[in-house]
Amino acid sequence: MSRAERKKQEKAAQAALRRAGLPVGHDFPLLFAHTGNLRRILAQRPNAARAQEAARHHLDALNRSLRQQAGAFALECSKGCSYCCHNMVTASAPEIFLLARHFRKTDPSRRQDVLEKLKAADLAGRDLDPRQRYLAHIACGLLDENGLCGAYESRPNVCRTMVSASVAACRASFAGEPAQIPVPKPYGALRTAYSYTLLAALQAEGLDDRLYELNQALCIALETGDAEQRWLSGEDIFAGIRHERVDAGEQPQIALFLSVLAAGAENSPLPANPWIAG
């Protein structure tokens, strides 16, 4: 591909992202463009808020993708329905910092109330595995008494893409009964695509790419002075918190996919892979 053709493709990809976000499926020009956008934001030194700004850009694009699915499926999610909000949630550091910014803008007494709920949820579930925690009905610390999210506009990827086509199945699962919750495939596909593009950008910038348990990590972000700046400088401010991470030894295909995204975002030669012909 010539330089002119590459620029034309990049321009078209950026226009498509602004219009509708990432599509369902592996549209590599758009995946590369979104990964590149995130990497450029993360590289904006000395901007001390660049991690949360990358998260905001990322989740805004996800919202555009989700709007493309509106009406395509008969979802039974509704305001105040919070069965899924009792699952263990993990989020990237940029998403955690975006949530922290949300609460730093609130009244100090409100922020203190949230902190106390986050700490209570953390302590109640810290020694439980995800299934035990769910069956113990330990709610997310951000959930209010009406079953509403206290940071809905800033909630992370996994919360935005957790949907169900059957509230009866959700209710049964919550009661401990064997139930398969029907999640339309496009939502899972978008969750994965957006997770991988952010992880690829973080790895390419040499930043922490772990996904942290939400309650405890958000407590740390809210209580640690200059948390985001310290994280950006390489300090492990979330040390000791339960987390998930792509392991190249155990998940080689995912690790390779992230490498392809990072290379494609920089127009660098792609590593040999089964998705794009050399």
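Presented here is a report on the structure given in the accompanying data block. Predicted, not measured: the structure shown is a model, and the values here were computed from it.

Thoughts on the overall build of the protein
Phase 1 of the analysis: Of the regular secondary structure elements, the protein holds 12 helices and three strands.
Phase 2 of the analysis: A globule of 278 residues ought to have a C-alpha radius of gyration of about 19 Å, and the protein, at 19 Å, matches this closely.
Phase 3 of the analysis: For the protein, the spread of C-alpha atoms along the three principal axes comes to 60 × 45 × 35 Å.
Phase 4 of the analysis: Counting every position in the protein, which comprises 278 residues, the buried fraction comes to 45%.
Phase 5 of the analysis: In the protein, 72% of the contacts between residues at least 6 apart in sequence involve partners at least 24 apart.
Phase 6 of the analysis: Summing over all exposed atoms, the protein offers an accessible surface of approximately 13,800 Å²; the carbon and sulfur share of this is 52%.
Phase 7 of the analysis: Side-chain charges of the protein comprise 34 positive and 30 negative groups, with the mean position of each set lying 7 Å from the other.

Let's talk about helix α9 (residues 185-204)
Phase 1 of the analysis: Given a rise of 1.5 Å per residue, 20 residues ought to cover 28 Å, and the 29 Å separating the end C-alpha atoms of α9 matches this to within 8%.
Phase 2 of the analysis: Taken together, the buried positions of α9 are P186, Y187, L190, A193, Y194, Y196, T197, L198, L199, A200, A201 and L202.
Phase 3 of the analysis: At the C-terminal side of α9, G206 shows a positive phi close to 70°.

Regarding the pattern of salt bridges
Phase 1 of the analysis: Here the structure, examined in full by the defined rule, presents 11 salt bridges.
Phase 2 of the analysis: Measuring nitrogen to oxygen at the nearest pair gives 2.7 Å for the salt bridge that ties E223 to K119. Of the two residues, E223 sits in helix α10 (residues 214-223) while K119 sits in helix α5 (residues 108-125), which places them 104 residues apart along the sequence.
Phase 3 of the analysis: Sharing partners across several salt bridges, the network here consists of R39, R45, E205 and E266.

Things to note about the sheet that holds strand β1 (residues 90-92)
Phase 1 of the analysis: The strand order β1-β2-β3 describes an open sheet built from three strands, whose pairing is antiparallel. Looking along the sheet, the strands with just one partner apiece sit at the ends: β1 and β3 (243-244).
Phase 2 of the analysis: Bridge count between strand β2 (residues 211-213) and β3: two bridges; the pairing is antiparallel. If you follow Y212 over to β3, its bridge partner there is H243.

A closer look at the nonpolar core
For soluble globular proteins, nonpolar side chains are generally found buried alongside one another.
Phase 1 of the analysis: Counting 36 residues, the largest nonpolar core has I96, F97, L142, L214, L218, W231 and F238 as its most contacted members.
Phase 2 of the analysis: Counting residues per element, the ones that place at least two in this core are α2 (28-42), α3 (50-67), α4 (93-104), α5, α9, α10 and α11 (227-232).
Phase 3 of the analysis: Among residues more than four places away in sequence, those in contact with I96 are A91, L214, A217, L218, A221 and F238.
Phase 4 of the analysis: Formed by 28 residues, the second largest nonpolar core is a distinct cluster that contains L30, A33, L98 and L261.

Observations regarding unusual backbone geometry
Phase 1 of the analysis: Across the junction of R45 and P46, the peptide omega takes the value 5°, indicating a cis bond.
Phase 2 of the analysis: As for its placement among the helices and strands, P46 is situated in the loop between α2 and α3.
Phase 3 of the analysis: The residue H137 is not glycine, and still its phi comes out positive at about 60°.
Phase 4 of the analysis: Along the polypeptide, H137 turns up in the loop between α6 (130-135) and α7 (157-160).
Phase 5 of the analysis: Assessed through its relative accessible area of 37%, H137 is described here as partly exposed.
Phase 6 of the analysis: If you check the backbone angles, N267 has positive phi at about 55° while not being a glycine.
Phase 7 of the analysis: Note on placement: N267 falls in the segment after α12 (252-265).

Comments concerning the packing of α9 against α12
Phase 1 of the analysis: Packing of α9 against α12 brings their axes to within 9 Å, and their N-to-C directions diverge by 70°. Accordingly, the angle class assigned to the pair α9 and α12 is roughly perpendicular. Residues Y196, T197, L199, A200, Q203 and A204 of α9 form the contact with α12, whose own contacting residues are I254, F257, L258, L261 and A262.
Phase 2 of the analysis: Grouping the amino acids of the contact of α9 with α12 by side-chain chemistry returns nine nonpolar, two polar and no charged.

Thresholds applied
Residues numbered from 1 in each chain as written. Predicted model: local features only at pLDDT ≥ 70, side-chain atom pairs only at ≥ 80, totals over all residues. Heavy atoms only, no water. Helix = DSSP H or I, 4+ residues; strand = E, 2+ residues; numbered from the N terminus. Rg over C-alpha atoms; globule rule 2.2 N^0.38 Å. Buried < 20%, exposed > 50% of the residue type's maximum accessible area, 1.4 Å probe, protein only. Contact = heavy atoms within 4.5 Å. Areas by Shrake-Rupley, 256 points an atom, 1.4 Å probe, with all protein chains shown as cover. Lys, Arg positive; Asp, Glu negative; His and termini not counted. Charge placed at Lys NZ, Arg CZ, Asp CG, Glu CD. Expected span 1.5 Å × (residues − 1). Salt bridge = Lys/Arg side-chain N within 4 Å of Asp/Glu carboxyl O. Pairing = 2+ DSSP bridges. Core = buried A, V, L, I, M, F, W, Y, C linked by side-chain atoms within 4.5 Å. Axes fitted to C-alpha atoms, helices over the stretch in contact; angles between N-to-C directions. Parallel < 35°, antiparallel > 145°, perpendicular 65-115°, else oblique. Nonpolar A, V, L, I, M, F, W, Y, C, P; charged D, E, K, R; others polar.

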